[in-house]
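# Architecture and fold: a report
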Amino acid sequence: MQNIQVTEEEIRQALVSRHTEGIQARISAARVAVAGLGGLGSNIAVSLARLGVGHLHLIDFDRVDVTNLNRQQYFADQVGMPKTEALRENLLRINPWLDLRTDCLRVTEENAAGLLRDDTYICEAFDVAEQKAMLVRTVLEKLPEKYLVAASGMAGYGDGNEIHTRRVASRFYLCGDEKTEAAAGRGLMAPRVALCAAHQANMVLRLILGES
Amino acid sequence: MITARINGQPETFASSLSVSAFLEEKGYRPDRVAVEQNGSIVPKREYESRLIEDGDTLEVVSFVGGG
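All residue numbers refer to position in the chain's written sequence, counted from 1. For this description, chains carry letters from A and ligands carry numbers from 1, given in the order in which they are written. Confidence filtering applies because this is a predicted model: local features only for residues at pLDDT of at least 70, side-chain atom pairs given and counted only at 80 or more, and all residues used for totals across whole chains, interfaces and linings. With hydrogens and water set aside, each side-chain value is computed from the structure's full complement of heavy atoms.

## Considering the pattern of salt bridges
Opposite charge on two side chains makes pairing possible when the charged atoms of those side chains draw close. Every case where a carboxyl oxygen of Asp or Glu lies within 4 Å of a side-chain nitrogen of Lys or Arg is listed as a salt bridge. Counting across every chain of the model gives 15 salt bridges over all chains. Across the pair E21 of chain A and R12 of chain A runs a salt bridge whose closest N-O atoms are separated by 3.4 Å. Judged by relative accessible area, E21 of chain A falls into the partly exposed class, the value being 46%. Taking relative accessible area as the criterion, R12 of chain A reaches 35% and is therefore assigned partly exposed. When the shortest N-O distance is used, the salt bridge between E130 of chain A and R32 of chain B registers 3.0 Å. Here E130 of chain A, found in helix 6 (residues 129-142), pairs with R32 of chain B, found in the loop between helix 1 (19-26) and strand 4 (33-37), and the two come from separate chains. Accessibility here uses a 1.4 Å probe with only protein chains present; expressed as a share of the type maximum, an area under 20% marks a residue as buried, one over 50% as exposed, and anything in between as partly exposed. Strands here mean DSSP runs of E at least two residues long; helices mean DSSP runs of H or I at least four residues long; both are numbered from the N terminus.

Structure, rendered in structure tokens:
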């Protein structure tokens, strides 16, 4: 937090000037959890931080690896840091007055409900298919009042227009192309991962603003 | 014969079958899916016991890796 040139009030005013007062008030009051801080989660969090989402809950057990730098919102000098700490640092450079909660742990069927209790909107941003399905099943079963925005299928460099958002159930949305799994020669690459993350962040924004 | 609506499409089965049998028949991996039956999630521990009946609506979301 060195050499800060702007004040909290200036940032608030700037957000209001871009988004308007009524919209910003709703964004600023929102509580959003991001489960998994890889290519999806780090990009979602950056979008939400720039929107001025009032309360962000960042969850990941992992550390920044050099192989993450091709698509995730970390820097070379952060390799080895817990992702929760590295992302906290980066988000606070965007807006030093964000209200951030971080949990450096692995989300399980057992701890998920307690962990996500205070969040209204939950972004599933894991990497492993089994983990994605586990979180979705657990949230839908144990936290049916939450809004859930999950992702599946964003590897490679296929058509960007195949990345979509669809409403699966009343409070459950799915983003991605729903088919392209990460594989040898079809890895996770910055543009499509960021496209999918932007779909998730935009869906959360739409829900905050009362769209469905 | 029973007919259930699976991901928006009507499908016919010889008789009622468990969610688990259905997933196997369709080639889904149970640990990679979330299944909604008539609008509510089916817990994974109930896949063996929960039956798909005539007129049911099922939504099966299958996840692939990457994030």
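Right, picking up where we left off after that structure.
## Looking at the packing of aromatic side chains
Note on ring pairs: Phe, Tyr and Trp rings are taken, using the six-membered ring of Trp, and paired if centres are within 6.5 Å. Classes follow the plane angle, with under 30 degrees stacked, over 60 edge-to-face and the rest tilted. Under the definition given, this model contains 3 aromatic pairs over all chains. With a centroid separation of 6.0 Å and 80° between ring planes, the pair formed by F13 of chain B and F22 of chain B is classed as edge-to-face. An aromatic cluster of at least three residues, connected via ring pairs, comprises F13, F22 and Y28 of chain B. Criterion for a charge above a ring: Lys NZ or Arg CZ within 6 Å of the ring centre, and within 35 degrees of the ring normal. Lying over the aromatic face of F61 of chain A, R106 of chain A brings its terminal NZ or CZ to 3.9 Å of the ring centre. Its end group placed over the ring of Y147 of chain A, R171 of chain A keeps NZ or CZ at 4.6 Å from the ring centre.

## Some words on the UniProt feature "domain: THIF-type NAD/FAD binding fold" (unreviewed entry) in chain A
UniProt positions are given in the numbering used here, feature names are shortened, and annotations may be inferred rather than shown by experiment. UniProt's entry tags residues 12-211 of chain A with the feature "domain: THIF-type NAD/FAD binding fold" (unreviewed entry), counted in the numbering of this structure. Here residues 12-211 of chain A is 40% helix and 18% strand, with 24 Å between the C-alpha atoms at its ends.

## A look at the interface of chain A and chain B
Contacts were defined at the residue level, with two residues in contact if any of their heavy atoms lie within 4.5 Å. Opposite the 30 residues of chain A that make contact, chain B presents 20 residues. Here the buried area means the combined drop in accessible surface, using a 1.4 Å probe, for two parts upon being joined, counting both sides. Contact between chain A and chain B buries roughly 1900 Å² in total, counting both sides, with carbon and sulfur atoms accounting for 57%. Counting the surface chain A buries against chain B, the share from its top three residues, E130, R137 and E141 of chain A, is 31%. The interface formed by chain A and chain B includes 5 salt bridges. Of the charged contacts in the structure, one is a salt bridge between R166 of chain A and E59 of chain B, with a shortest N-O distance of 3.4 Å. Any N or O atom pair separated by 3.5 Å or less is treated as a polar contact, with the protein-specific requirement of one donor-capable and one acceptor-capable atom, and with residues adjacent in sequence counted only for side-chain atom pairs. Our count for the chain A to chain B interface comes out at 13 residue pairs in polar contact (both at pLDDT 80 or more). Top contributing element to the side of chain A that touches chain B by residue count: helix 6 of chain A, with 8 residues.

## Re the sheet that holds strand 2 (residues 55-59) of chain A
Residue and element names in this part refer to chain A. Sheet architecture is open: 7 strands sit in the order 3-2-1-4-5-7-6, paired in mixed fashion. Either end of the sheet is taken by a strand with one partner, and the two such strands are strand 3 (99-103) and strand 6 (164-169). Going across the sheet, the axis of each strand differs from the next one's by a mean of 20°, ignoring polarity. In this sheet, strand 7 (residues 172-176) lies alongside strand 6 in antiparallel orientation, the contact comprising 5 bridges. Within strand 7, the residue paired with T165 across the bridge is C175. Its contacts with the sheet place helix 7 (residues 190-208) against strand 1 (31-35), strand 4 (121-124), strand 5 (147-151), strand 6 and strand 7, and it is angled at close to 170° to strand 5. Strands qualify as paired when DSSP identifies two bridges or more between them. Here an angle of 0 to 180 degrees is reported between the N-to-C directions of two axes, which are lines fitted to C-alpha atoms, with helices fitted over the stretch in contact.

## Observations regarding unusual backbone geometry
The residue E178 of chain A is not glycine, and still its phi comes out positive at about 65°. As for its position among the elements, E178 of chain A is in the loop between strand 7 and helix 7.

## So, the pairing of strand 4 of chain A
The two faces of the sheet receive side chains in turn, since in a regular strand these alternate between them. All names here are of chain A. By the alternation rule, side chains of strand 4 split into Y121 and C123 and I122 and E124, which are all buried. Of the strand pairs in this sheet, strand 1 and strand 4 are connected by 4 bridges, and their pairing is parallel. Each bridged residue has a counterpart across the sheet, and for A33 the counterpart in strand 4 is I122. Sheet analysis places strand 4 next to strand 5, joined by 3 bridges and oriented parallel. From the neighbouring strand, I122 faces strand 5, where its bridge partner is L148. Read from strand 4 through helix 6 to strand 5, the crossover connection turns out right-handed. A crossover counts as right-handed when, viewed with the strands pointing away from the observer, the path leading from the first strand over the helix to the second turns clockwise.

## Describing the environment of A4 of chain B
Residues and elements named next belong to chain B. Inspection of the secondary structure assignment puts A4 in strand 1 (residues 2-6). Spatially, the C-alpha atom of A4 lies 12 Å from that of V19, the residues being 15 residues apart in sequence. The residues touching A4, leaving out its near neighbours within four places in the chain, are Q9, P10, E11, F13, I52, E53 and D56.

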